[in-house]
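Spelled out, the chains give:
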Amino acid sequence: MKKIILSIFYIFISQNLNANSDIGGMDGGGGGTLPTNPAHIFEIKAVAEESRPTLLFWFNRYEYSSRYSQNTAIYQKLFKGKKTIQQTLKSLRLDVREDKPCFTSKGTEVDGSIYGTKANTICLSALRISQKVDQALVRREVIALLAHEVSHFMGSTEEEAVEIQKSIAFDINNSERNDYIDSDAVNYSLEGLRNDLAETISNLIKNELDHSYKKLDQIHTNFQKLWGLTHTVFFNYFGYRESSYEDLIRHKLHWSYIYLSGISGSNAIYFQEKYKEQFKDKDYFLLGDEALYGADHLYASEKIQKINSIKDLILQLEWIKNQIDLRVAYSYQISFDVKWFDLKGDQTEAKLNPWTQFLGRYTIQSSKCSDGSTPNDKKEIKIEQKNESLLFTQINTHSSSSELIKTGSYNTNAYVNEIGSDNENNVYFIKESGGAWSQRQYFSDSRVEKVSLEKTGTNTFQLKIENIFLSSKMNIPDTTKVCEYTGSIEH
Ligand SMILES: [Zn+2]
């Protein structure tokens, strides 16, 4: 564990491959005849480099559409392991070769493989693909082939990978105009909802019920439109779990709207009766009682609470606004590719953030860095709760800096996108920026910082800060620098 290797957390991907399988190759997914209009290398490269969010939406869709066959080997591999294929996708890189082939583990020349120049990298030979794919089919073939390769990182066999490739190629073929989700439109819609909710809440606080009602009416309509934007016939912006959770949000919003319609608006009596009829004498009903899939709904046992006062309504709308906030942050990360985090809207802050168990002052007594350099003059770190915020503060001789380590509602500007714990004595957070395989920043380098804190005794600790630089250029090696600090804890 002392040896510093990149793989500590970056190479978490199961490479449990069937040693005998012939990895990679468009050959598995069709082709054969020579194209009339061979594709250009630059087109293939462009499609591949913009494909990551698209692949995410296809995998979301694949999960959604196969949710009733969860016992199949492929479903288990893609969606039921320690990491899902969507989570794995975010850490993969792409090595697009313009003048040479890719190779299988045995050295056979192929169009694509999971053996790129660097770790966690998909190799794609634009050269080979251009010789066999027609211009009109570039998008379909390249995206389906990439899906095939990503699935290998989840341990899919060649047959399973070809199955996924074919299925996605089929969907792309049949989706025509429906194969595109406009992230800008989704961002815009989510932000609008968040701002409208904030306005409604502040109007409710001022008891301006008419204004609140009109705004909530709009929000109610716009939320339905958002659903349309994020679910096309073939594409899902959110994963199965998150879509299901969105359904819970939608129902809570719906009954908030009905409640307020019973107080304000022109049909108050009708809505009052409707509300009363729904809840009868109970304090809540279950989502499963009302939702489309009933008891099969992932969140069937979640309660929709009865609202008894404007104060209750405000609390419910605050909750909805926080959920929308999370989605705004998620959406930005997808569209600007700041290493998107995983939405965990169904978990509480306490569950999500083990750092709350590590509050205190940590005095540094000794330090060292892996490259032999002198660490900075860090004297102390503090983990403190200030109002709603959880702060990680580093105090140096002449300066200090604080980071917000919070997950309940994400800070869209902070790139803290993973918080966790390896065991009860350890916590960590990861900040990532950039990404070599992205929608908008094709050639940006990635920087990853992992901060982990371990209680090594009753009053002693070790703080480890790993800085990883992942160059987007295949000929520039990745580098890792680790600094370790030890000392004593004051609670
Ligand atoms: Zn393969």
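Scroll up a little and you will see the structure.
Small disclaimer: the values here were computed from a predicted structure and weren't measured.

1. A few points about the overall build of the protein chain
So, step 1. From N to C terminus, the protein chain includes 14 helices and 16 strands.
So, step 2. The buried share among the 491 residues of the protein chain stands at 37%.
So, step 3. Counting only contacts in the protein chain whose residues sit at least 6 apart along the sequence, the fraction spanning at least 24 positions is 65%.

2. Topic: the pairing of strand E10 (residues 389-396)
So, step 1. When strand E9 (residues 378-386) meets E10, the two strands line up antiparallel, connected through 8 bridges. Of the residues in E10, the one forming a bridge with Lys382 is Thr393.
So, step 2. Hairpin geometry of E9 and E10 is characterised by an intervening segment of 2 residues between the two adjacent antiparallel strands and by a positive phi of about 50 degrees at Asn387.
So, step 3. Here E10 pairs with strand E11 (residues 400-404) via 5 bridges, running antiparallel. The residue of E11 that forms the bridge with Phe392 is Glu403.

3. As for the nonpolar core
Soluble globular proteins tend to bury their nonpolar side chains together.
So, step 1. If you look at the biggest cluster of nonpolar residues, it comprises 77 residues, and the most contacted ones within it are Leu55, Val142, Leu146, Ala147 and Val150.
So, step 2. The leading source of residues in this core is helix H13 (residues 310-336), at 10 residues.
So, step 3. Here this core spans two domains, and each of domain 1 (6-179) and domain 2 (183-336) adds at least three residues to it.
So, step 4. The residues contacting Ala147, other than those within four sequence positions of it, are Leu55, Trp58, Ile164, Gln165 and Ile168.
So, step 5. Counting 17 residues, the second-largest nonpolar core is a separate cluster that includes Trp355, Phe358, Tyr362 and Phe429.

4. Let's talk about the sheet that holds strand E4 (residues 112-113)
So, step 1. If you walk across this open sheet you meet the 3 strands as E1-E5-E4, and the pairing is mixed. Edge positions in the sheet fall to strand E1 (93-97) and E4, since each has one partner strand and no second.
So, step 2. Here 5 bridges tie E1 to strand E5 (residues 121-125), and the two strands are oriented parallel to one another. Bridge pairing links Arg97 to Ser125 in E5.
So, step 3. Seen against the sheet, helix H1 (residues 41-49) touches E1 and E5 and runs at an angle of roughly 180 degrees to E1.

5. Looking at helix H11 (residues 268-279)
So, step 1. Spanning 12 residues, H11 covers 17 Å between terminal C-alpha atoms, matching the ideal 16 Å at 1.5 Å per step.
So, step 2. Lys280 occupies a position one or two residues after H11 and carries a positive phi of about 50 degrees.

6. Some words on the environment of Ile314
So, step 1. Inspection of the secondary structure puts Ile314 in helix H13.
So, step 2. Separated by 111 residues in the primary sequence, Ile314 and Asn203 have C-alpha atoms spaced 9.9 Å apart.
So, step 3. The contacts of Ile314, once residues within four sequence positions are left out, are Ile201, Leu204 and Ile205.

7. Notes on the pairing of strand E15 (residues 460-470)
So, step 1. Judged from the 10 bridges that link them, strand E14 (residues 446-455) and E15 form a sheet pairing that is antiparallel. Bridging from a neighbouring strand, Lys450 pairs with Glu466 of E15.
So, step 2. Inspection of the sheet shows E15 paired to strand E16 (residues 479-490) by 10 bridges, in the antiparallel sense. Each residue of the ladder has a partner; that of Phe469, found in E16, is Thr479.

8. Some points on the environment of Ala169
So, step 1. For Ala169, the location among the structural elements is in helix H7 (residues 158-175).
So, step 2. Once the C-alpha coordinates of Ala169 and Leu145 are considered, the two residues, 24 residues apart in sequence, prove to be 8.6 Å apart.

9. Describing unusual backbone geometry
So, step 1. Even without being a glycine, Asn120 presents a positive backbone phi close to 55 degrees.
So, step 2. By secondary structure assignment, the location of Asn120 is in the loop between E4 and E5.
So, step 3. With a phi angle near 50 degrees, Lys280 is a residue other than glycine that sits in the positive phi range.
So, step 4. Note on placement: Lys280 falls in the loop between H11 and strand E6 (284-286).

Parameters and conventions
- Residues numbered from 1 in each chain as written.
- Predicted model: local features only at pLDDT ≥ 70, side-chain atom pairs only at ≥ 80, totals over all residues.
- Helix = DSSP H or I, 4+ residues; strand = E, 2+ residues; numbered from the N terminus.
- Buried ≥ 20, exposed ≤ 12 C-beta atoms within 10 Å, placed from the backbone.
- Contact = placed C-beta atoms within 7 Å.
- Pairing = 2+ DSSP bridges.
- Core = buried A, V, L, I, M, F, W, Y, C linked by C-beta atoms within 7 Å.
- Domains from an automatic or database assignment.
- Axes fitted to C-alpha atoms, helices over the stretch in contact; angles between N-to-C directions.
- Expected span 1.5 Å × (residues − 1).

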